[in-house]
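What follows is each chain in one-letter form.
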Amino acid sequence: MRRMYKSLLAPAALLLLAVSPLSQGQDDQPRFLSLTPPEGLPIIPLMEGWVANEDGTTTISFGFINRNTDEDVDIPLGENNYIEPAEFDGMQPTHFPSGRSTGVFTVTLPEDQSDIDVWWNLQTGESEVLRVPGRRGASAYELDFIRPRPQGSLQPLAAFGDTELSAGLTANISNYGSSAAVGETVELVLNASDPADRDPEDPRFGEPLDMNVEFSKHQGPGNVTFERDPNAPEPENPFDPDDPRFEFFTGPQPNQAIVEGGAGSAMVMATFSAPGDYIIRAAVDVHTAPDSSYGDQCCWTNVYQRVTVTE
């Protein structure tokens, strides 16, 4: 059977895809005002940009959009989820949470291959294959977050366990100390430090800023359930009771934690539903700073931990 492909080359192409007409009814004609269905939509791969590394290599950053409402999707590595050339295949996610996920993984090209295109191909269910090229060249896509931001923010230093702290969109990958069993709760501990050099005279930076950590399943055959560290203090509502925002405060989710004071550790409890090999990703950010956000492509670090789960 011949596969149908659609390439996503730029934000304009993404916009066209997002507003593509949906077919309804027996006449199968497009209707521009049709409502978006809550589920069954394809996962859209995205190139976030590229980084010129000091050693001459080029790092390509990828993310994705899962437009399905409140529905996570899993696409195993293989014919429905692969990267070309094949030598760069294997680090892309197989688990796609609902919504927009920015800078989830990277591919690094050697200096002598910096001018090639790296294609991420995704097929969701029976929908057509969507593919996006990662390429170096367009200045509009060059990422400069390796340099300090206007108020001094940089990517945090982070690592799981005893691994040496480092910064980057793929800072480091470590192995969990021992295997875990299905249904067993394991502790995932992350250490982090904020290297930013901010103006101490600025009242916004009188105290070190807290860092946010979000743990998620990156790859794996089963479900991963996260729980907050039972010894972590309960989050306090920062708003006054008469503030309209007070009633909407929810605090960190079970897969989220906070590293207070610019340095320290964060822990979550993880339980795996099926045996196999997993990769857990932790994204550590300093989005509490005014010059840091996913929208600005700064300042966060991705670290990964492999976990082998047995029966």
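One can find the structure itself at the top, above this paragraph.
In short, a report on the structure. Just so you know, these numbers come straight off a predicted model, no measurement behind them.

**With respect to the overall build of the protein**
- In terms of helices and strands, the protein carries one helix and 21 strands.
- For the protein, the residues scored as buried account for 44% of the 311 residues in total.
- Sequence-distant contacts, at least 24 apart, represent 71% of the contacts inside the protein between residues at least 6 apart.
- Element-wise, carbon and sulfur atoms account for 49% of the exposed surface of the protein, whose accessible area totals about 16,300 Å².

**Points about the environment of Asn212**
- Structurally, Asn212 is set in strand β16 (residues 211-219).
- Asn212 sits in the partly exposed class, given a relative accessible area of 26%.
- Taking C-alpha positions, Asn212 is 9.3 Å from Ala266, a pair spaced 54 residues apart along the chain.
- Residues contacting Asn212, with those up to four places away along its chain left out, are Ala257, Ile258, Ala283, Val284, Asp285, His287 and Thr288.

**With respect to the pattern of salt bridges**
- Under the counting rule described, the total for this entry stands at eight salt bridges.
- Across the salt bridge formed by Arg135 and Asp117, the nearest N and O atoms sit 2.7 Å from each other. One end of the pair, Arg135, is in the loop between β11 (129-134) and β12 (157-160); the other, Asp117, is in the loop between β9 (99-109) and β10 (118-122), and 18 residues separate them in sequence.
- Note on Arg135: relative accessible area 34%, which makes it partly exposed.
- With a closest N to O distance of 2.9 Å, Asp243 and Arg245 form a salt bridge.

**A closer look at a negative patch on the surface**
- A cluster of acidic residues, Glu54, Asp55, Glu111, Asp112 and Asp115, forms a negative patch on the protein surface.
- Its location among the elements puts Asp112 in the loop between β9 and β10.

**Brief notes about unusual backbone geometry**
- For the bond running from Glu84 to Pro85, omega is -5°, close enough to zero to count as cis.
- Within the element layout of this structure, Pro85 appears in the loop between β7 (81-84) and β8 (95-96).
- A cis amide bond links Cys298 to the next residue, Cys299, at an omega of -5°.
- Locating Cys299 in the fold gives a position in the loop between β20 (276-285) and β21 (300-310).
- If you check the backbone angles, Asp70 has positive phi at about 55° while not being a glycine.
- Within the secondary structure, Asp70 is located in the loop between β5 (58-66) and β6 (73-74).
- Looking at Asp70, the relative accessible area reads 73%, which means it is exposed.

**Things to note about the packing of aromatic side chains**
- Under the counting rule described, the total for this entry stands at eight aromatic pairs.
- Where Phe160 meets Phe215, the ring centres are 6.2 Å apart and the plane angle is 55°; that geometry is what we call tilted. Residue Phe160 is found in strand β12, and its partner Phe215 is found in strand β16; the two are separated by 55 residues along the sequence.
- Pairwise contacts between aromatic rings join Phe62, Phe64, Phe96, Phe105 and Trp120 into one cluster.
- The side chain of Arg131 reaches across the aromatic face of Trp119, ending 4.1 Å from its centre.
- Geometry around Phe205 places Arg198 over its ring, the cationic atom sitting 5.6 Å from the centre.

What counts and what doesn't
Residues numbered from 1 in each chain as written. Predicted model: local features only at pLDDT ≥ 70, side-chain atom pairs only at ≥ 80, totals over all residues. Heavy atoms only, no water. Helix = DSSP H or I, 4+ residues; strand = E, 2+ residues; numbered from the N terminus. Buried < 20%, exposed > 50% of the residue type's maximum accessible area, 1.4 Å probe, protein only. Contact = heavy atoms within 4.5 Å. Areas by Shrake-Rupley, 256 points an atom, 1.4 Å probe, with all protein chains shown as cover. Salt bridge = Lys/Arg side-chain N within 4 Å of Asp/Glu carboxyl O. Patch = residues over 30% accessible without salt bridge, like charges linked within 9 Å, V, L, I, M, F, W, Y side chains within 5 Å. Lys, Arg positive; Asp, Glu negative; His and termini not counted. Charge placed at Lys NZ, Arg CZ, Asp CG, Glu CD. Phe/Tyr/Trp six-rings, centres within 6.5 Å; stacked < 30°, edge-to-face > 60°. Lys NZ or Arg CZ within 6 Å of the ring centre and 35° of its normal.

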